[in-house]
Amino acid sequence: MRTLSTAVAIAAHVGMALSQAQITVNTGSTLQEIDGFGVSQAFTRAAEFEGMNPEPRRKGLDYLFSTTTGAGLTIIRNRIGSKGQGDSILPVSPGSPNATPNYVWDGSDSSQVWFSKEAMAYGVNQIYGNAWSAPGFMKTNNNEANGGYLCGVSGRSCGSGDWRRAYAHLLTQYVKFYAQEGVNVTHLGFLNEPDFVATYSSMQSDGNQAASFIPILHQTLAENDLSHVQITCCDAMGWSSQGTMTGQLVQQGMEQYLGVITSHMYTGDPNSPMNTKLKTWQTEACDLQSSWCTTWYSNGGLCEGMTWANKLHTGIVNANLSGYLYWEGVEVNQFQAASYLVASDGTNVIPSGRLWAFAQWSRFVRPGARRVSHSGSVNNVGIGAFKNTDGTVAVVFTNNGSNQNVRVNFNGFTPSTAIAYVTDNNRAVAETAVTLSGGSVTLDVPGRAVLTLKLSASE
Ligand SMILES: *[C@@H]1O[C@H](CO)[C@@H](O)[C@H](O)[C@H]1NC(C)=O
Ligand SMILES: *[C@@H]1O[C@H](CO)[C@@H](O)[C@H](O)[C@H]1NC(C)=O
Ligand SMILES: *[C@@H]1O[C@H](CO)[C@@H](O)[C@H](O)[C@H]1NC(C)=O
């Protein structure tokens, strides 16, 4: 009996030791800079959000931006309108490209000014203004919808003349109107899904045509003391399509004018680094197929939080992204789709599992953080490690499999405090136990969960 129980005890001990995976985070080995995570409230969603009663509205804003009760998002994407009166700042054609434009500003921009200021109150300072199209009168099809090209880009001319400068001027004026409201537009895009013809605001372009406009926009911003505004391109439908456009931009020498390469994920998720020295952001991702769901994990469906946790991991760690944006943030009385992170009926405000997937990253991996390398691996667990500008370190574990006991060592960093937060089917960014001893952390990463370990350095 005694022999047997000793053997069992030894086996249990050995089994435990064998099942503990080890990784080492190398804080001195830095990779891409992280700008952050975000959403849009484009196409009347900001106005519906602003129109809510104050209490649920605050709850919705907290879910998006609070670093203690929400996702702590740090980027917002506003739509620059092209639909005429009430949408575009240049609703009426001045008649010709060189005539004086009569800009119109209502101070609200469909409540996107309100949304920007609310985000800023939580510390957000990355405001992406993105045009879906130029006004119709600047385009080959004389319509802001149904595709068509900006008059004057390579291979596309119009009887009315070359409108490239006028479009650059309009975009610059948009930035000035926002500045007038106290909102600093930091990123500016002039295309949205230029590889897709939509029945709503849309404008076509390939990379070479974009390259025949970018230097003009860059110069116009500079002439107006707005050189700090980073130009983005091109918000294509998917990663490989954007890859083709990026190749053309790089070949045309556009990297000197651009700040960020931007892509959506509808025809392909970011899964490997884009061939550019510029930062890359995934600027529009969502589930357009499922009805609204709050599920964390069930069967790996597109509306589930765990699915998006994997997409975030793959984008940041495998594809070298610096930013990742879901499509919309809060939607009121929609409930029909999973294309937004938070739903409300006007009274109740309901976060999705997808929101908590974003929270596991955005609350802890803050703007300016550098991704750092690590060695070692854990079965079925994706690992991303980051050093924040305040000296704290965050390690995000995305566990597709079952519970794993992990020991985390550090190279170039001595943690003085360690705290972990976990999201799974029963918890949403809930604190969970870790052991810090001898400069290493031991913890359990539950199955089908994301766990973020946050460490501060000793003095
Ligand atoms: C706007 O943001 C940029 C950083 O993107 C910064 O350099 C600039 O000082 C800011 N301007 C204002 C007026 O806050
Ligand atoms: C990752 O992105 C950065 C820009 O943020 C770039 O300088 C670097 O070359 C990229 N790394 C890879 C492996 O593509
Ligand atoms: C986790 O599962 C997703 C698919 O659901 C897959 O894309 C990803 O590579 C997996 N990650 C790991 C670390 O196993």
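Residues numbered from 1 in each chain as written. Chains lettered and ligands numbered in written order. Predicted model: local features only at pLDDT ≥ 70, side-chain atom pairs only at ≥ 80, totals over all residues. Heavy atoms only, no water.

**Q** Is there a simple way to explain the overall build of the protein in this structure?
**A** In terms of helices and strands, the protein carries 10 helices and 20 strands. In terms of overall dimensions, the protein is globule-like: its C-alpha atoms have a radius of gyration of 24 Å, near the 23 Å expected for 459 residues. For the C-alpha atoms alone, the extent of the protein along its principal axes is close to 95 × 50 × 40 Å. Going through the 459 residues of the protein one by one, you find that 56% of them count as buried. (Helix = DSSP H or I, 4+ residues; strand = E, 2+ residues; numbered from the N terminus. Rg over C-alpha atoms; globule rule 2.2 N^0.38 Å. Buried < 20%, exposed > 50% of the residue type's maximum accessible area, 1.4 Å probe, protein only.)

**Q** How should I be thinking about the packing of helix 9 (residues 305–318) against helix 10 (residues 353–362) in this particular structure?
**A** Any two packed helices are characterised by how steeply their axes cross, that is the angle between the axes, and by the distance between the axes. Relative orientation of the contacting elements helix 9 and helix 10 amounts to 35°, with a least axis distance of 7 Å. For the pair helix 9 and helix 10, the crossing hand works out as right-handed. On helix 10, the residues touching Gly305, Trp308, Ala309, Leu312, His313, Ile316 and Val317 of helix 9 are Gly353, Arg354, Ala357, Phe358 and Trp361. Residues belonging to the contact of helix 9 with helix 10 are distributed by class as follows: eight nonpolar, three polar and one charged. (Axes fitted to C-alpha atoms, helices over the stretch in contact; angles between N-to-C directions. Left-handed = near helix turned anticlockwise from the far one by under 90°. Contact = heavy atoms within 4.5 Å. Nonpolar A, V, L, I, M, F, W, Y, C, P; charged D, E, K, R; others polar.)

**Q** Help me understand the pairing of strand 16 (residues 415–423) in this model?
**A** A regular strand places its side chains on the two faces of the sheet in alternate fashion. Across eight bridges, strand 16 lies against strand 20 (residues 449–457) in antiparallel orientation. Across the sheet, residue Thr417 finds its bridge partner in strand 20, namely Ser456. Strand direction decides the pairing type here: strand 16 and strand 17 (residues 430–432), joined by three bridges, are antiparallel. What sits directly across from Tyr421, in strand 17, is Glu431. Between strand 16 and strand 17, which pair antiparallel one after the other, the connecting turn spans six residues, and Val429 there sits at a positive phi close to 45°. (Pairing = 2+ DSSP bridges.)

**Q** Please explain the pattern of salt bridges as it appears in this structure.
**A** Two side chains carrying opposite charge are able to pair once their charged atoms lie near each other. Taken as a whole and judged by the stated rule, the model has 11 salt bridges. One salt bridge in this structure joins Arg45 and Glu48, with 3.1 Å as the shortest N-O distance. Linking Arg45 with Glu48, this pair stays in helix 2 (residues 45–50), spanning three residues, or about one helical turn. Of the residues examined, Glu48 reaches a relative accessible area of 27% and is grouped as partly exposed. The shortest N-O distance in the salt bridge between Arg58 and Glu118 comes to 3.5 Å. Highlighted residues: Arg58 in helix 3 (residues 54–65) and Glu118 in helix 4 (residues 112–121), separated in sequence by 60 residues. Classification of Arg58 as partly exposed rests on a relative accessible area of 39%. (Salt bridge = Lys/Arg side-chain N within 4 Å of Asp/Glu carboxyl O.)

**Q** What exactly am I supposed to notice about the nonpolar core here?
**A** Here is a general trend for soluble globular proteins: nonpolar side chains tend to be buried in one another's company. By size, the foremost hydrophobic cluster in this structure holds 107 residues, and its most contacted members are Phe37, Leu64, Met138, Tyr167, Leu171, Phe190 and Leu249. Each of domain 1 (20–30 + 371–457) and domain 2 (35–366) gives at least three residues to this core. The residues touching Leu64, leaving out its near neighbours within four places in the chain, are Val39, Gln41, Phe49, Ala71, Gly72, Leu73, Phe115, Gly329, Val330, Val342 and Leu355. (Core = buried A, V, L, I, M, F, W, Y, C linked by side-chain atoms within 4.5 Å. Domains from an automatic or database assignment.)

**Q** Can you walk me through the UniProt feature "domain: Glycosyl hydrolase family 59 catalytic" (unreviewed entry) in the protein in this structure?
**A** Per the UniProt record, the feature "domain: Glycosyl hydrolase family 59 catalytic" (unreviewed entry) sits at residues 55–331. Helix makes up 29% of residues 55–331 and strand 17%, with an end-to-end C-alpha separation of 15 Å. (UniProt positions renumbered as here; feature names shortened; annotations may be inferred.)

**Q** Please clarify how the site of ligand 2 should be interpreted in this entry.
**A** The immediate surroundings of ligand 2 are formed by Gln32, Pro273, Lys277, Leu278, Lys279 and Asn320. Asn320 places a polar side-chain atom, nitrogen or oxygen, 2.3 Å from an oxygen atom of ligand 2. Coverage of ligand 2 by the protein amounts to 54% of the 360 Å² it exposes when considered alone. Its residues placed into classes, the shell around ligand 2 shows two nonpolar, two polar and two charged. (Near = heavy atom within 4 Å. Polar contact = N/O pair within 3.5 Å; in protein donor to acceptor, adjacent residues only side chain to side chain. Areas by Shrake-Rupley, 256 points an atom, 1.4 Å probe, with all protein chains shown as cover.)

**Q** Looking at this structure, I do not really get the domain arrangement of the protein. What am I missing?
**A** Put simply, an interface is often sized by how much accessible area is lost when its parts join up. The assigned domain composition of the protein is domain 1 (20–30 + 371–457) and domain 2 (35–366). Relative placement of domain 1 and domain 2: their C-alpha centres are 32 Å apart. Taken together, the contact between domain 1 and domain 2 spans 24 residues of the former and 16 residues of the latter. Buried surface at the junction of domain 1 and domain 2, both sides included, amounts to about 1,900 Å², of which 63% is carbon and sulfur. Viewed at the interface, domain 2 and domain 1 are joined by zero salt bridges. (Buried area = accessible area lost by both parts, 1.4 Å probe.)

**Q** Sorry, what's going on with the sheet that holds strand 16 here?
**A** Neighbouring strands of a sheet are bound in pairs by backbone hydrogen bonds; such pairs are parallel or else antiparallel. Spatial strand order, 17-16-20-14-13-12-1-15-19-18: 10 strands in an open sheet with mixed pairing. The sheet is open, and its two borders are formed by strand 17 and strand 18 (434–437), each paired with just one other strand. On average, each strand axis in the sheet is tilted by 30° relative to the strand beside it, whichever way the strands run. Sheet analysis places strand 12 (residues 370–375) next to strand 13 (residues 381–387), joined by three bridges and oriented antiparallel. Across the sheet, residue Arg370 finds its bridge partner in strand 13, namely Lys387. Lying on the sheet, helix 9 is in contact with strand 1 (20–33), strand 12, strand 13, strand 14 (393–399) and strand 20; it crosses strand 13 at an angle near 55°. Sheet strands in contact with helix 10 are strand 13, strand 14, strand 16 and strand 20, and its direction is about 170° off that of strand 16.

**Q** What is the right way to read the site of ligand 3 from this model?
**A** In the region of ligand 3, the neighbouring residues are Asn310, Asn380, Val381, Gly382 and Asn400. Within the contact set of ligand 3, an oxygen atom lies 2.3 Å away from a side-chain nitrogen or oxygen of Asn400. When ligand 3 is considered free in solution it has 360 Å² of accessible area, and contact with the protein chains removes 42% of it. Looking at the shell around ligand 3 residue by residue, the classes come out as one nonpolar, four polar and no charged.

**Q** Help me understand the state of the cysteines in this model?
**A** Here a disulfide denotes one covalent bond, and it connects the sulfur atoms of two cysteines. Summed over all chains, the structure comprises three disulfides. Sulfur-sulfur distance for the disulfide between Cys151 and Cys158 comes to 2.0 Å. Between Cys151 and Cys158 the disulfide shows an S-S torsion of about -85°. By sign, it is left-handed. Of the residues examined, Cys151 reaches a relative accessible area of 0% and is grouped as buried. Disulfide connectivity for the protein, with bonded cysteines indexed by sequence position, reads 1-2, 3-4, 5-6. Here Cys286 is not disulfide-linked; the sulfur of Cys303 is the nearest cysteine sulfur, at 12 Å. Judged by its relative accessible area of 2%, Cys286 is buried. (Disulfide = S-S within 2.5 Å.)

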